[in-house]
Amino acid sequence: MCSNKHRTMFTVMVIMLVSVVSANVNTTNEINGQSRMAWIKSLFDHHSWSEILNGNITLPTACEKDLQTYLTALQDGQLWASKIFDASGQYGPNLLFGNEYWLGSLNACTELNKKQYYEQTPPFATTFYVAKINVTVDNFHLPQSRSMLLGECVPASCSGDALGVLLQASEQATVAKASALGVSASLVTLVVRPVPGGYDVYSDIKFQILGSVTLAVCVLMLVASFYEGYLERRYRMIKATKDLELAQDNHKPGNNAVQSSEKTRNNGDKDLRRETCGVCSEVLLSFSILSNGRTILSTDTPSDGALTCLHGMRFMSVLWVIMVHTYLTIFYVADNKAMRVITERSFWYQSVGNASYCVDTFFVISGILVTILFLRTEEKKSKPKPIVEDKQDINKNMNGFTSPALSISVISQDTFITESKTKSYTKEEIYKMIKSFMILLSYRVVRLTPAYAFVIGVNEIALRYTHDHTVFEPAIFDHITCDNWWWRNLLYINNLYPQREMCMVWSWYMANDTQFYVVGIILLLISVKHPKIAFGSLGVIMLSSWATTIYISVWLQYKARIQEPFEMFDPLYDKPWSRIGPYLVGMIVGWYLHKTRCQKRIPYWLVALGWPSALAIIACLIFSMVDGYFNVWPTAFYISIGHTAWGVAIAWVAVSCCSGYGGLVNSALSYRGLLPLSRLTYCAYLVHPTIMMYTSFLLDGPFHMENSTVLAVYAGYAVMAFLASLAISIAFEAPAVRLLKILSGETRRMKNH
């Protein structure tokens, strides 16, 4: 009995020992022979470079000597050598989830050269390189070649070519070792580049030109501001003296008529800050920070009255654009790229992937304003009235100036054709139409271009500096495209060329809006004499836009996907024939609002039906891609009629708010605090991607993405964009508008009045 018991215990113990030994053997074999991750973690280890240097490779003498010194110190555990190793790129987590950055730290490597701050520093100067390496591991882990960016902190005596030779030798040894262990892998170094490179921004002739222009404008702004401050102070002193004399005269009998006249004059001048000066002085004062800043930051209700809801719509749309671009930028520099896939599966991410409609809101607003202001000018011309204007209007009535890509300003009334009784156009009328068209187009171009050209220059220099100093590989090459094809932007035709040749890809909107402006002005000029022909032409253009977009989409077998919103950028996304629908809808709305004076009573049943319908259209267009894609024919209708449908929904919001049926929506969109921000949307749209690229691509390492942190970054980008926009608007946009007022003769008329 006892013997059987001992025999059973002995058997159990033997089984347990065999199991443990087997487990140990299997684990060892897996780590040493089969584990892919163990092999991957050993990649690019500096400890193995000693064997390579003792092998059959040739390096410059100084480089090899410094490397031997570094590797010996690393084996001995010296702190400065450990810091060099620590500043170099090594295995990082999330490799199998999309991480392609083993960058180390550029700043840490550079810091090693500052001997005054550290007790232990290398006996040689250090420099930083980024190598692009293709990595492939068997058929499961990395079956497709992954381009990795590897940062290497090495002695400054080693050139990029020397490091490339060292890395290639290391790769050959590593692949041979993997093959011996049964791991199928390949490593190929594509390029090695120093960071930073050899670009000197101060020797760049374009930087010198841009800096000189900026300095000259700043000097003009300071001089104009001091001069205007002097004029305002003098005006206040003169006014105070006159008020004192008037107060003394009040005690004299028989001065009631004088008092009444002075009171009327003072009420008319209560908003004046200075007297109108001569043309030369007004040209200088156009650059004043005081008046331009007051105009931009004013919360006074603009002269468009009921159209205040458009300011809120414009501001909210720009915020939407900035949010989308923030996500796309963070996606590019994130180390946990799998988070993008997770984010794109979210229902709410459709508001990012389908955000192309936010630009359609700009087109609707632009069409509304162009039409209303044109028709108002025509109405004033057909019913001439004596000009009764505040003599200081040039200095205070500029509330609408900052809707440049979205509006047209009234210029001299004699530039438009007069209506005649004959159906055909006379030579004089054709001449006046052409003259009116050229004046309006020139006015718009002169108004938009100064700020636009400045941002193009800043963007080119910023991207050239960024490409030279970044550890990443930006997919935007504006330092090349802007250098070669900037003139296309200033001619507003850059959307007609391939995306790879576009300077400031996001400026496709500027080209489209200007082209739509040309079409709109032609239709409006025709409508003066032949409104039916104008409306018919508008309908033909809209139907042609739908048909063309559907044909191209079906021909290319395009399937819209939430992950690739810009897949058809060249053939469809930025082309005017695909995007003009919302602009034409805006023109129709502008005509309606002008004819009804925003006082048309809308039946309550239509209001009750219109708001849910508009919201349903908006929701369907944004959140209908539940499966993440559409098939060919749904895609064709989605990207053709969908843009126009968005315009119709936004048109309902505009009409309802302007006619008094907007309720809380109108109160929110018309909030006075949004007016200054609305005036800054043009420059904010232009400059915000440059800010994003400059700040994100100059990071020392990749960004670890979470939705909460992306939203925080988004808020920072929005604030930076509007602050930069304020500076650009004061320096370039506002002076351009005021100079155009002077050229159109307003100053002279004001002074004579």
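Reading guide: rules and limits
Residues numbered from 1 in each chain as written. Predicted model: local features only at pLDDT ≥ 70, side-chain atom pairs only at ≥ 80, totals over all residues. Heavy atoms only, no water. Helix = DSSP H or I, 4+ residues; strand = E, 2+ residues; numbered from the N terminus. Polar contact = N/O pair within 3.5 Å; in protein donor to acceptor, adjacent residues only side chain to side chain. Patch = residues over 30% accessible without salt bridge, like charges linked within 9 Å, V, L, I, M, F, W, Y side chains within 5 Å. Areas by Shrake-Rupley, 256 points an atom, 1.4 Å probe, with all protein chains shown as cover. Salt bridge = Lys/Arg side-chain N within 4 Å of Asp/Glu carboxyl O. Pairing = 2+ DSSP bridges. Phe/Tyr/Trp six-rings, centres within 6.5 Å; stacked < 30°, edge-to-face > 60°. Buried < 20%, exposed > 50% of the residue type's maximum accessible area, 1.4 Å probe, protein only. Disulfide = S-S within 2.5 Å. Contact = heavy atoms within 4.5 Å.

Going by what an unreviewed UniProt entry lists, the protein chain is known as Nose resistant to fluoxetine protein 6-like and is assigned to Bombyx mandarina.

Within the secondary structure, Y682 is located in helix α28 (residues 681–697). Along the primary structure Y682 and S725 are separated by 43 residues, whereas in three dimensions their C-alpha atoms are 7.9 Å apart. Here L448 takes part through its backbone oxygen, which lies 2.9 Å from a polar atom of the side chain of Y682.

What follows covers a nonpolar patch on the surface. A surface patch of nonpolar side chains, about 230 Å² in accessible area, is lined by V188, L190 and V191. Topologically, V188 is positioned in strand β4 (residues 185–194).

Let us now look at the sheet that holds strand β1 (residues 101–102). As summarised here, the arrangement of the four strands in space is β1-β3-β2-β4, forming an open sheet in which the pairing is mixed. Each edge of the open sheet carries a strand with a single partner, namely β1 and β4. Across two bridges, the pairing between β1 and strand β3 (residues 142–155) is parallel. Looking at the pairing, Y101 lines up with L149 of β3.

Another aspect to go through is the packing of aromatic side chains. Inspection of the entire model under this criterion finds 33 aromatic pairs. Aromatic side chains F362 and Y685 sit 6.2 Å apart centroid to centroid with 85° between the ring planes, which places their arrangement in the edge-to-face category. On the criterion of sequence distance, the pair formed by F362 in helix α15 (residues 357–382) and Y685 in helix α28 is long-range, its members being 323 residues apart. The pair F362 / Y685 is uniform in exposure class, with both members buried. Among the aromatic residues, ring-to-ring pairing joins F362, F363, W508, Y509, F516, F566, F569, Y573, Y583 and Y685 into one connected group.

We now examine the pattern of salt bridges. Under the criterion given, the structure shown has 16 salt bridges. Between R597 and E379 there is a salt bridge, with the nearest N and O atoms lying 2.2 Å from each other. Note that R597 is positioned in the loop between α23 (581–596) and α24 (604–623) and E379 in helix α15, a separation of 218 residues in sequence. Residues joined by salt bridges that share partners form a network here, namely D204, K206, E460, R464 and D483.

The next subject is the state of the cysteines. Inspection of the entire model under this criterion finds three disulfides. Across a sulfur-sulfur distance of 1.9 Å, C63 and C158 are joined as a disulfide pair. Across the S-S bond of C63 and C158 the torsion is about 95°, and the bridge reads as right-handed. Residue C63 is located in helix α4 (residues 61–76), and its partner C158 is located in the loop between β3 and α7 (160–180); the two are separated by 95 residues in the primary sequence. In this model, C482 is linked to C503 through a disulfide, with the two sulfur atoms separated by 2.0 Å. Judged by the torsion about the S-S bond (85°), the C482/C503 disulfide is right-handed. Of the two residues, C482 sits in helix α18 (residues 478–490) while C503 sits in the loop between α18 and α19 (508–529), which places them 21 residues apart along the sequence. Using a relative accessible area of 0% as the deciding quantity, one classes C482 as buried.

Here we come to the environment of V191. Turning to its location among the elements, V191 is positioned in strand β4. The exposure class assigned to V191 is partly exposed, which follows from its relative accessible area of 37%. Note: C-alpha distance between V191 and I133 (58 residues apart in sequence) is 7.5 Å. Not counting chain neighbours up to four residues away, the residues in contact with V191 comprise V130, A131 and K132.

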